[in-house]
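Structural overview
Chain by chain, the residues:
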Amino acid sequence: MKISRSYVIKLQNRIQALEADLAQAVEEGYANLDAEVMIRSAGLVRFKQHDEGRYLGASSGIAMTRLVMELAKQNTDSKTIKEVVPETTAGQSKDTFAKESSKPTSKVYPLVSDVAAPNLPSRELTGNLIDVFNRTAQYLLPTLHEPSFRQAVEDVYQGSLDAYKNFALRMVIAISMQKLDTSYAGLADSYYLAALPFLESAIRPMNLETLQCLALIAQYSLVTPTRTASYWVVALATRLCQELGITEESGITAETSDAILNTMQIDMRRRLFWIITSMEMGLAHSLGRPSGFGISPDHINVRFFEPVDDQFITTTGVLPGAPLSMKKLIAIHFFKMRLIQAEIRRKLYLKKRPEPKNDQAPWFKTMNDKLNDWLSSVPMDDEGSGFTESWFEARYNTIVILLYRPSPQIPEPSASAACRCVEAALYNIRLQREQIANRSVDLTWVFTQTLFMELNTVLWALSYPEVRKERPREEIEEYVQLAKDGIALASQRWPGVESALELYESLIAACLKVYDGKEEVSYVIRSPSSRPSRAVHYDAAPPALSSGSTAASSSASYQAPTTADSSTFSSYVGSDQASDGHSPSPTSLRDFGLPRHFQTNSDLDAERIQPLFEYTTAFTDVPFDPNSVYNTLPTAFPDFQHYGQGYGGSPGFMGNPAYYMPSKDENLYLGTIGDQYSQYLHAPYAPHQPLQSLSQEQQTELMTNLEKTGFSKAIPPGYKRPEFSNSYDQ
C-alpha cells in the first residue's frame with residue numbers, strides 16, 4: 001500500500017507542532033516555579049529508607065540544595081533529576097576504609113569503639129590531654145573552671161568515686177584525643193564509653209555540674225560520629241537553663257534562703273548560659289527549627305562572663321589587677337557572632353515581614369555595618385588555639401552568605417547579592433582548604449556542613465548571567481575541585497559524607513552546562529511579584545465563611561513585647577519595634593491559617609505579612625469551633641485539587657499551590673545529601689557502610705604509643721591516611 005507524500009508531510013508537521021508544544025510546556029513549567037514557596041516550604045527529609053521524615057526549615061540550607069537540583073534539571077533533555085543522577089549512582093558508596101585495610105603496608109584504626117577504656121591514662125599523659133583541652137576547646141566554649149577541674153582530676157586519681165568528677169575527666173580525655181588525629185578517634189570513643197556509666201548519677205542533681213556534663217557531651221558529638229545526638233542533649237540543657245533561672249540576668253544573681261552565690265558560681269552561671277544558648281542557636285539555625293529558648297536575641301539581657309583567666313576568678317571575687325584573657329575574649333567574640341546570626345535568621349528566615357523587600361533595603365546596610373564592626377574587633381592573638389583572625393574571617397563570610405542567599409523574605413536576590421555570595425563562598429573554599437592542608441582546623445561536623453553550603457552557593461549563583469560573566473568557567477571549576485577535595489578529606493572523619501559527594505559529581509557537571517548556552521540567559525527561579533501578573537479564573541465562587549461566627553469573634557488581641565534593657569548587646573541585636581513598626585492585630589481566622597488557594601494575584605501582594613487561608617465547615621463533616629484550639633484538621637479540600645489523602649507530591653507547580661513538594665525522586669536524592677544533617681538528630685550515626693570497631697588490642701596499641709611518644713608524633717606507627725586522589729593532601 002502506497003502512502004501519499006502529502007500525508008507524510010502532514011505527519012511531519014504534526015510532530016513538529018507537538019515538539020513545539022512540549023518545549024513550551026516545559027518552559028512554562030519552569031517559569032511557574034515559585035522561589036518564595038520553594039524556599040519557605042518545610043522540608044521533610046528521610047535520612048534512611050524506612051525512617052520518618054525529619055523537618056528541616058528554611059535556614060538549614062536544604063532549599064539551596066533544591067535550587068541547585070532545579071538548575072541541574074534545566075540542563076537536561078527530560079528536565080528530570082533522574083537524568084542528572086541515575087539511580088545506580090545514587091545508591092553507590094565507597095568503602096574507603098575497607099580498601100585501605102586490605103593493603104599490607106597500611107593500618108587504619110576504626111573511628112569508634114565497642115570496648116570502654118578500663119583504666120585512666122597515666123597521670124602525666126592525662127595532664128597533657130587536659131592542656132590540649134584548655135588550649136583548644138576552652139577557647140570557644142569555656143565550660144570548666146580550670147583550677148577547680150584540675151583539683152577534681154587529682155581527687156579522681158586519689159580514688160574519688162564522685163560521679164561528676166569521673167564523668168567530666170573521661171569526657172575531657174575523649175574530646176582531647178579527638179583533636180589529636182583521626183587515628184585516635186576510636187581510642188577517644190573508648191573513653192566516651194567509659195564516661196557513660198557515671199552519666200546518670202552525674203546529671204541526677206540537675207544543677208550547674210549537670211549543665212557542664214551536657215555541654216561536654218554536645219561538644220564531643222560535634223567532633224565525632226557519636227552515639228548521642230547533640231540536638232537532644234542541647235534541648236535538655238536548654239530546659240535545665242530555664243529550670244535554674246539562668247536565662248535572665250536577675251536569675252543569674254538571685255539567691256535563695258538556703259544558698260548564697262559566690263563570684264565563681266555567678267560567673268559560671270553566665271558562662272553556661274552563653275555556651276548552651278550558642279549551641280541552641282547554632283542548632284536552630286542549622287536545622288531551620290525554632291529555638292528552645294523561645295525568645296529573640298534582643299530580649300537577652302544576661303551579661304557576658306568575666307574576661308579574665310580562671311586563676312583570677314575565686315569564690316570571693318575577681319583578683320585585683322587581673323589582665324584580660326584572650327581565651328575569654330575569643331569566646332565572647334564568638335557569642336556576639338551568634339547574636340548577629342540569630343538576628344539575620346529572625347528577619348529573613350522566619351515570619352514574612354513588610355520590610356525589607358529587597359537586598360538594597362537600609363536594613364542590609366545596617367547588618368553589613370554590624371558585621372564589619374564585629375570583624376574589625378576580632379582578638380588578634382589566638383595564643384595557639386587555632387581561632388585566628390582568618391578563622392573569624394571564614395565565619396564572617398559564612399554570615400554574609402546567610403544574609404544574601406535566597407531566603408523566605410528575599411526569595412529572589414539581586415545579581416549583586418549573588419555576586420557577593422560567590423565572592424564569600426570562593427574565599428572560604430580556598431581558605432578552608434588551606435586550613436585542612438595545614439591541619440590548623442578541626443574537621444567538625446559544622447565545618448563539614450559549611451563546605452557543602454559553600455559548594456551549593458557557588459552552583460546556585462551560576463543561574464545568574466552576571467555571575468557567569470564575572471566568573472569564567474575555568475575559575476569556577478578550580479574552586480569546585482577545591483571544595484570537593486575538602487569534602488573528601490572530611491569524609492575520613494565522617495563516614496557517609498563521600499556518598500553525598502558522589503551525587504554532587506553529577507549535579508556539578510549538569511550545573512556547569514549553563515556555560516554552554518547563551519551568556520545572557522537567566523536560570524533564576526522567579527517569584528510571582530517579579531513576573532507579569534496573570535488572571536486567575538475559577539469555575540465557581542469560593543465558599544463563604546461558615547455562619548455562626550464572625551471575623552470579630554475569632555480575632556485575637558496582640559501586644560508587642562517590650563524590649564528588655566540590654567545595652568551590653570545593643571550593637572549586635574535589633575528590635576522589631578524599631579525596624580518593622582507595630583505588628584497588626586489579626587482580624588479574622590484567615591490571619592492564622594494556611595495560604596488560600598483561591599486568592600487572586602492582587603491579594604498576594606508583598607505587603608501582606610502572612611499568607612491566608614479561609615477555613616469553612618463546608619470542607620468537612622467535622623464541626624469546627626473558631627473559638628477553640630481543639631479542632632480536627634481537614635483531610636481534603638474540594639477546590640484544592642492537588643491536596644488530599646492520596647496526594648503524593650509533584651515535581652513542579654501545578655496551578656497556584658500553597659507549597660512546594662519535591663517529587664519522590666528528588667526526595668531520594670535529598671535524603672542522601674541530607675545525611676549531612678542527620679548527625680544532629682540520630683544516634684547512632686549510620687553510614688552507608690558499617691563501621692569497624694576498635695578492638696581491645698588496637699586500644700592497647702594506641703594507648704602505648706601515646707604513653708611513649710606523647711604528642712611529638714601525631715600519627716601512630718604503621719598508620720596511613722586513606723587516599724582519595726593525587727590532589728588530596730595526605
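What you are looking at is a predicted structure, and each value in this text was computed from that prediction instead of being measured.

1. A few points about the overall build of the protein chain
Along the backbone of the protein chain there are 28 helices and 6 strands. With 730 residues in all, the protein chain has 52% of them scored as buried. Once local pairs closer than 6 in sequence are excluded, the contacts in the protein chain between residues at least 24 apart make up 77%. A total accessible area of about 33200 Å² is found for the protein chain, and carbon and sulfur atoms account for 53% of it.

2. What about the packing of helix α9 (residues 146-157) against helix α10 (residues 163-180)?
Packed helix pairs are characterised by how far apart their axes lie and by the angle those axes make with each other. Between α9 and α10, the least distance of the axes is 9 Å, while the angle of their chain directions is 105°. Our classification of the angle between α9 and α10 gives roughly perpendicular. Facing α9, whose interface residues are Phe 149, Ala 152, Val 153, Asp 155, Val 156 and Tyr 157, α10 presents Lys 165, Asn 166, Ala 168, Leu 169 and Val 172. Looking at the contact of α9 with α10 residue by residue, the class counts come to 8 nonpolar, 1 polar and 2 charged.

3. Remarks on the state of the cysteines
A complete count under the given rule lists 0 disulfides for this structure. Unpaired in this structure, Cys 421 has its nearest cysteine sulfur neighbour in Cys 419, at a distance of 9.4 Å. Residue Cys 421 is classed as buried on the basis of its relative accessible area of 0%.

4. Some details on helix α17 (residues 326-348)
Since the α-helix turns once every 3.6 residues, residues separated by three or four places project in the same direction. Taking 1.5 Å of rise per residue, 23 residues should cover 33 Å, and α17 covers 33 Å from first to last C-alpha, within 8% of that figure. Of all 23 residues that make up α17, 22 are buried, and the element is covered over most of its length. N-cap assignment for α17: the residue whose side-chain oxygen lies 3.3 Å from the backbone N of Lys 327 is Ser 325.

5. Details of the pattern of salt bridges
Scanning the model with the defined rule gives 21 salt bridges in all. With its nearest N and O atoms 2.5 Å apart, the salt bridge here joins Asp 310 to Arg 271. On the criterion of sequence distance, the pair formed by Asp 310 in the loop between α16 (263-287) and β4 (313-314) and Arg 271 in helix α16 is long-range, its members being 39 residues apart. The exposure classification of Asp 310 matches that of Arg 271, with both residues buried. The partner of Asp 369 in a salt bridge is Lys 365, and the shortest N-O contact between them spans 3.1 Å. Here Asp 369 and its partner Lys 365 are both found in helix α18 (residues 362-376), 4 residues apart, which amounts to about one turn of the helix.

6. Description of the packing of helix α14 (residues 230-244) against α16
Where α14 contacts α16, the two axes come as close as 10 Å, and the packing angle between them is 135°. In terms of orientation, α14 and α16 fall into the oblique class. Regarding α14 and α16, the two cross each other, and that crossing is left-handed. On α16, the residues that touch Ser 230, Tyr 231, Val 234, Ala 237, Thr 238, Cys 241 and Leu 244 of α14 are Arg 269, Leu 272, Ile 276, Met 279, Glu 280, Leu 283 and Leu 287. Tallied by class, residues from the contact of α14 with α16 come to 10 nonpolar, 2 polar and 2 charged.

7. Overview of unusual backbone geometry
The omega angle of the peptide bond from Glu 355 to Pro 356 is 0°, so this bond is cis rather than trans. Among the structural elements, Pro 356 can be located in the loop between α17 and α18. Despite not being glycine, Met 206 has its phi angle at roughly 50°, a positive value. With a relative accessible area of 37%, Met 206 lands in the partly exposed category.

8. Digging into the confidence of the model for the protein chain
Across the protein chain, the average pLDDT comes to 75, with 66% of residues at or above 70. Here helix α25 (residues 576-579) stands out as the element of the protein chain with the lowest mean pLDDT, 38, in contrast to α9, whose mean of 97 is the highest. Note on residues 682-689: pLDDT is under 50 here. Beyond four places in sequence and across chains, it has 28 contacts. Contacts for the low-pLDDT stretch residues 717-730, under 50 throughout, to residues beyond four places or in other chains number 45 contacts.

Calculation criteria
- Residues numbered from 1 in each chain as written.
- Predicted model: local features only at pLDDT ≥ 70, side-chain atom pairs only at ≥ 80, totals over all residues.
- Heavy atoms only, no water.
- Helix = DSSP H or I, 4+ residues; strand = E, 2+ residues; numbered from the N terminus.
- Buried < 20%, exposed > 50% of the residue type's maximum accessible area, 1.4 Å probe, protein only.
- Contact = heavy atoms within 4.5 Å.
- Areas by Shrake-Rupley, 256 points an atom, 1.4 Å probe, with all protein chains shown as cover.
- Axes fitted to C-alpha atoms, helices over the stretch in contact; angles between N-to-C directions.
- Parallel < 35°, antiparallel > 145°, perpendicular 65-115°, else oblique.
- Nonpolar A, V, L, I, M, F, W, Y, C, P; charged D, E, K, R; others polar.
- Disulfide = S-S within 2.5 Å.
- Expected span 1.5 Å × (residues − 1).
- Polar contact = N/O pair within 3.5 Å; in protein donor to acceptor, adjacent residues only side chain to side chain.
- Salt bridge = Lys/Arg side-chain N within 4 Å of Asp/Glu carboxyl O.
- Left-handed = near helix turned anticlockwise from the far one by under 90°.
- pLDDT = per-residue confidence, 0-100.

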